[in-house]
Amino acid sequence: MSVFIDLVAVLGRLLEPVLAESATAAAIVLFTVLVRLALYPLSRASFRGATPVAGLLPVLLQLPVFFLMYRAFSSAEIGGAANELLGHRLFAAPLGDRWGDALGEGGLFGERGLVFLGLFAVVAVVAAWSAVRGRKAAALAAATGGAGAAVVKAGGAKPGGAKPGGAKPGVGKPGRAGGAAGAKAAGAKAGGAVGGRAKAGGAKAGGLGVSGAGGAGAVAGLSAEQQEVMRKLGGVLPLLSFGTLITAALVPLAAGLYLVTTTAWSVAERLWLQHRKDRAGRAGQEPGGAERSVM
């Protein structure tokens, strides 16, 4: 834990000429950003996994960092010496204070209480935005999964209808060779038509921006029960962001800063990844791009 405290202290000293007493609070925010940058490749891989559960892995890996932050600003002594971090503040509130301490010192609208109210307001806005985006993404994934399954089912039914066409050339025995050649040509034409429809269906599903690497095929490959589980998880998991409000009220202010920073980062990161995915999907739908892929 001493390494963590030393790192936060160094960042605080670097920011102190600009931010004075709030330098350590800014150092915590900067430290959180560095942690999230280190986890970005994993977050991107989880996003491409197209399952709500995959997004929990970066959260689980942050738990040790959060516990270190909690202990660093909850312990009166560290290594037998007084904990200097407890004397640092964010505006009027010490970083080691909890919301209960702020209420006891000046009430809900006292100097310290206002700092916590501002923190809670930011957490509530980020949580609400995350919940709305999560529900929309879950609804879109469920709708696209159903559409992709319908396209695959329709594509699989086409070849069966092409069989009678293959029997047309068989008019008499002398034309057996010609009939066989005609059947092959008809089969190739039917296969080409089906392949074209499958490609068109894949392009339409990919344009919806539901998946990056596998497109709608990965979602359509799931059973109806699995798609229903994904839809329910996608509706429930975003609501967990509101649990951050309760946690921020119980932990020291420094740990609350870490929570609000990492939660806001998660929302912004997901928006950025979705933007890149949608842009790649639109680029794949351009006429020039389609012609080049066919060639």
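Bear in mind the structure is a predicted one, so any value in this text is a computation, not a measurement.

1. Some remarks on a nonpolar patch on the surface
- Residues Leu-56, Leu-57, Leu-60, Leu-61, Leu-63 and Phe-67 make up a contiguous nonpolar surface patch of roughly 540 Å² in combined accessible area.
- With respect to the helices and strands, Phe-67 occurs in helix α4 (residues 56-72).

2. Points about the nonpolar core
- In terms of nonpolar packing, the biggest core is built from 36 residues, with Ile-28, Met-69, Phe-73, Leu-95 and Leu-253 touching the most fellow members.
- The element contributing the most residues to this core is helix α11 (residues 253-284), with seven residues.
- Setting aside residues up to four positions removed in sequence, Met-69 forms contacts with Phe-4, Ile-28, Phe-31, Ala-254, Ala-255 and Tyr-258.

3. Thoughts on the packing of aromatic side chains
- A full pass over the atoms with the stated rule returns four aromatic pairs.
- Each ring, one from Phe-4 and one from Phe-31, has its centre 5.2 Å from the other, and the planes form 70°; the classification is edge-to-face. A residue pair is termed long-range when its members are at least 10 positions apart, and Phe-4 in helix α1 (residues 2-19) and Phe-31 in helix α2 (residues 23-38) qualify at 27 residues. No difference in accessibility class separates Phe-4 from Phe-31, as the two residues are buried.
- Judged by centre distance (6.2 Å) and plane angle (55°), the rings of Phe-116 and Phe-120 are tilted. Of this pair, Phe-116 and Phe-120 both sit in helix α6 (residues 111-166), four residues apart, roughly one helical turn. Take Phe-116 and Phe-120: they sit in the same class, and that class is buried.
- Three or more aromatic residues joined by ring pairs form one cluster here, namely Trp-99, Phe-116 and Phe-120.

4. A few points about the confidence of the model for the protein
- Per-chain confidence: the protein averages 72 in pLDDT, with 59% of residues scoring 70 or above.
- In this model residues 157-220 is a low-confidence stretch, pLDDT under 50, and it forms 39 contacts with partners more than four residues away in sequence or in other chains.

5. Some remarks on a positive patch on the surface
- Together, Arg-48, Arg-276, Arg-279 and Arg-282 make up a positively charged patch on the protein surface.
- A total of three residues in the positive patch trace back to one element, the largest contributor, which is α11.
- Positionally, Arg-48 belongs in helix α3 (residues 40-48).

6. Considerations on the environment of Gly-12
- Tracing the chain through its elements places Gly-12 in helix α1.
- Residue Gly-12 is classed as buried on the basis of its relative accessible area, which comes to 6%.

7. Quick notes on unusual backbone geometry
- Even without glycine at this site, Ala-20 takes up a positive phi of about 55°.
- The residue Ala-20 is located in the loop between α1 and α2 in this model.
- Note on Ala-20: relative accessible area 48%, which makes it partly exposed.
- Even without being glycine, Phe-91 reaches a positive phi, approximately 60°.
- Relative to the helices and strands, Phe-91 resides in the loop between β3 (89-90) and β4 (93-94).
- Taking the relative accessible area as the measure of exposure, Phe-91 reaches 61% and is therefore exposed.

Procedures and definitions
- Residues numbered from 1 in each chain as written.
- Predicted model: local features only at pLDDT ≥ 70, side-chain atom pairs only at ≥ 80, totals over all residues.
- Heavy atoms only, no water.
- Patch = residues over 30% accessible without salt bridge, like charges linked within 9 Å, V, L, I, M, F, W, Y side chains within 5 Å.
- Areas by Shrake-Rupley, 256 points an atom, 1.4 Å probe, with all protein chains shown as cover.
- Salt bridge = Lys/Arg side-chain N within 4 Å of Asp/Glu carboxyl O.
- Helix = DSSP H or I, 4+ residues; strand = E, 2+ residues; numbered from the N terminus.
- Core = buried A, V, L, I, M, F, W, Y, C linked by side-chain atoms within 4.5 Å.
- Buried < 20%, exposed > 50% of the residue type's maximum accessible area, 1.4 Å probe, protein only.
- Contact = heavy atoms within 4.5 Å.
- Phe/Tyr/Trp six-rings, centres within 6.5 Å; stacked < 30°, edge-to-face > 60°.
- pLDDT = per-residue confidence, 0-100.
- Lys, Arg positive; Asp, Glu negative; His and termini not counted.
- Charge placed at Lys NZ, Arg CZ, Asp CG, Glu CD.

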